[in-house]
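So the chains spell out like this:
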Amino acid sequence: MFKRLTVLISTGLPGLIRLLVFLVVETKYNLVDFGHFASDLSLVQLISFFTAISWAALVMTTVTQSEQPERALFKVINTGVVYLLLFSLIPYVLYKLDITKDSLGTICFIAGWMFYQISRHYIITKKEFTRIIIFDSLNLLVFIVVLFLGVTPLIALTFSHLAFVIFNLPKLEHYSFSLVTIEQQLNGLKNGLSTFLLGLGVYSLPVIFGLILGAEYSVLMGLSTSLLIMIQLVPRSISAYFLPTISKTLLSDKTFALKMHQQQVFYTIISTALLSALGVIFVYFVHKLAVFEVLLIDGALSLIFLLLFNIIITVLAFPFSDLLMSHGNFKVNLIGSFIYSLAVTAALILFLIYGNNTLHAALLMVAYSFSGCMRFYYVFYNARKLLFIGKVSY
């Protein structure tokens, strides 16, 4: 019971810390600067799907299967650094185009986030969840101290991430200059592209709403994403608990893998239902108590609940996308995410051209949810085929 509790807490801490970061930043910055921070953070996290999430996911599938996990980890890190250098020009271009406001902060955050995600996923593979809780808590403390020393929020976040990395990477005696194989790099990039396409809709909202509806809506979407992303905490912890086992046994013992998958699906559905209900109650009371002023603006509750539904659809697909990833079928996840992003991008373009009020924003969120349902069906269908037939058709 204690182990499962530590898994839950350790998986949930990044989401909770993100929410607390927003609360701390709100006390120090005015609404316009707060909106710029929310927009910048969303943009750099989109870039980080290729510089951090790609390689963090690779840790879960390659390091666990290696006879020399520390050496395999450093191969992943080396590969991440190479792609970090390739993508580091993007934040500078966005700053020059006046899309982001904190040029140094965005570059520093992307680097720190990459090392943090890889090292954190490495600790997850070792199942040292108590250690994660301790150092993630230290992250928040470091962020608060550094922020009030006068640096920007993104740079403060970078320092907090590096504090985690310093204490959790293995000794350098295991280091080598080699990279992961080309096939593994392609799998990592496929996963990064898949998560980028899937995250494009949600993480672009603070930027798009800020451009069309004003800074208060940018803050609303940034804050709402942080609040509602908490619904993913338990399903994420369930995924972290089951994925390494399913990955190891899918080829050697499909019956056992199927049993583990069915348990993951059951726990994911129950936890999502309970957390969604709690989320609705929490948002209602926060609105009534006026904890955040932006929750009182026109259409705020409608937009939040539509975003909630979109996140629920995404969460329910976790067990099936995890199953595909554990079997190395990154292509199906990529195609599913492409279907989602294509529909979302079309809706975003229409909103940018014609959108000018909260009704149009609500229609955009409906389009998001419809796109999420299409992706869910595609991933679900192919994942179930993998278990029962052993083949996946693309």
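All figures in this text were calculated on a predicted structure; none of them were measured in a lab.

Asks: Please explain the side chain of Ser276 as it appears in this structure.
Replies: Here Ser276 shows up in helix α11 (residues 254-289). Of the residues examined, Ser276 reaches a relative accessible area of 9% and is grouped as buried. Once you skip the residues sitting within four places of it in the chain, Ser276 turns out to touch Ile231, Leu308 and Ile312.

Asks: Would you take a moment to explain the packing of helix α6 (residues 129-147) against helix α7 (residues 153-168) for this structure?
Replies: Helix packing for two helices is described by the angle between their axes and how far apart those axes are. In contact at an axis separation of 8 Å, α6 and α7 are set at 145 degrees when each is read in the N-to-C sense. Seen along the crossing, α6 lies across α7 with a hand that is right-handed. Along the contact surface, α6 presents Arg131, Ile132, Phe135, Asp136, Asn139, Val142, Phe143, Val146 and Leu147, while α7 presents Pro153, Ala156, Leu157, Phe159, Ser160, His161, Ala163, Phe164, Phe167 and Asn168. Here the residues of the contact of α6 with α7 sort into 13 nonpolar, four polar and two charged.

Asks: What am I meant to see in the pattern of salt bridges here?
Replies: Two side chains with opposite charge may pair up if their charged atoms get near one another. Under the definition given, this model contains three salt bridges. Two residues, Asp98 and Lys101, come together in a salt bridge whose shortest N-O distance is 2.9 Å. Glu128 is the partner of Lys126 in a salt bridge, and the nearest nitrogen-oxygen pair spans 3.6 Å. For Glu128, a relative accessible area of 29% gives the class partly exposed.

Asks: I'm lost on the nonpolar core in this one. Help?
Replies: As a rule of thumb, nonpolar side chains are buried together in soluble globular proteins. Counting 89 residues, the largest nonpolar core has Phe37, Phe209, Leu220 and Leu303 as its most contacted members. Ignoring anything within four residues of it in the chain, the contact list for Leu220 reads Val294, Leu295, Ile297, Ala300, Leu303 and Ile304. Ile238, Val332, Tyr378 and Val379 belong to the second-largest nonpolar core, a separate cluster that totals 13 residues.

Asks: Sorry, what's going on with a nonpolar patch on the surface here?
Replies: Where nonpolar side chains cluster on the molecular surface, the patch consists of Leu89, Tyr92, Val93, Leu97, Ile99 and Ile107 and spans about 530 Å² of accessible area. For the nonpolar patch, the element with the most residues is helix α4 (residues 89-96), which contributes three residues. Its place among the elements puts Leu97 in the loop between α4 and α5 (103-125). For Leu97, a relative accessible area of 57% corresponds to the exposed category.

Quick notes on the rules
- Residues numbered from 1 in each chain as written.
- Predicted model: local features only at pLDDT ≥ 70, side-chain atom pairs only at ≥ 80, totals over all residues.
- Heavy atoms only, no water.
- Helix = DSSP H or I, 4+ residues; strand = E, 2+ residues; numbered from the N terminus.
- Buried < 20%, exposed > 50% of the residue type's maximum accessible area, 1.4 Å probe, protein only.
- Contact = heavy atoms within 4.5 Å.
- Axes fitted to C-alpha atoms, helices over the stretch in contact; angles between N-to-C directions.
- Left-handed = near helix turned anticlockwise from the far one by under 90°.
- Nonpolar A, V, L, I, M, F, W, Y, C, P; charged D, E, K, R; others polar.
- Salt bridge = Lys/Arg side-chain N within 4 Å of Asp/Glu carboxyl O.
- Core = buried A, V, L, I, M, F, W, Y, C linked by side-chain atoms within 4.5 Å.
- Patch = residues over 30% accessible without salt bridge, like charges linked within 9 Å, V, L, I, M, F, W, Y side chains within 5 Å.
- Areas by Shrake-Rupley, 256 points an atom, 1.4 Å probe, with all protein chains shown as cover.

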